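What follows is each chain in one-letter form.
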Amino acid sequence: MPISADVQLGDRVKIFHPELVNLYGCSIGSDSRLGTFVEIQKNATVGARCKISSHTFICEGVTIEDEVFIGHGVMFTNDLFPRATTEEGSVQGEADWQVIRTLVKHKASIGSNVTVLAGVTIGEGALVGAGAVVTHDVADYAIVVGVPARVVGDVRSDVERPNR
């Protein structure tokens, strides 16, 4: 699995196992960290100081702003009506469908095994619980869990922070 020559890597990006990622046509901001078996497609952006955990798939059209945490095995999508072929039965090409963009805002955290459907915005500082399926926008600082993801709290008041 390669890191393509067209990938834009910021300063001090840490890729723990460069031979075990698949990166092409994307940009990754300074001081971000990528785990093993991560794929980031063309026209996807990861901001600065992000952590992208292993086995995560970030497809074309996804923008992840700065200081975002992405847990293990997170899957993004970019098509709400995916098909292998056209109406006529030929294999679909890039001209046969439209990328639907997704945005993950500054300091959001997405737990392991979350699926994020195309066209969603996950708000600043929001927290998505492990295993959730995000089908609609998540407000800034909201805590969402479940299938489909639903609001259960606010990170500014409902999360106990460990002493550091």
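Notes on the structure in this doc start here. Since we're looking at a predicted model, the values are computed, not measured.

When strand 19 (residues 142–145) meets strand 20 (residues 150–154), the two strands line up antiparallel, connected through four bridges. Bridged to I143 within strand 20 is G153. Counted between consecutive antiparallel strands, the loop separating strand 19 from strand 20 contains four residues, among which G146 sits at a positive phi close to 95°.

Turning to the packing of aromatic side chains, a few remarks are in order. If you walk through the whole model with that rule in mind, you get zero aromatic pairs. Stacked on the ring of F81, the Lys or Arg R83 has its end atom at 4.0 Å from the ring centre.

Our next topic: the pattern of salt bridges. Here the structure, examined in full by the defined rule, presents six salt bridges. The closest approach of N and O atoms between D154 and R156, which form a salt bridge, is 2.7 Å. Its relative accessible area of 59% is what places R156 among the exposed residues. Three or more residues are tied together by salt bridges with common partners; here these are R49, D66, E67 and K107.

Calculation criteria
Residues numbered from 1 in each chain as written. Predicted model: local features only at pLDDT ≥ 70, side-chain atom pairs only at ≥ 80, totals over all residues. Heavy atoms only, no water. Pairing = 2+ DSSP bridges. Helix = DSSP H or I, 4+ residues; strand = E, 2+ residues; numbered from the N terminus. Phe/Tyr/Trp six-rings, centres within 6.5 Å; stacked < 30°, edge-to-face > 60°. Lys NZ or Arg CZ within 6 Å of the ring centre and 35° of its normal. Salt bridge = Lys/Arg side-chain N within 4 Å of Asp/Glu carboxyl O. Buried < 20%, exposed > 50% of the residue type's maximum accessible area, 1.4 Å probe, protein only.

Everything listed here is a matter of geometry and, on its own, says nothing about what the molecule does.
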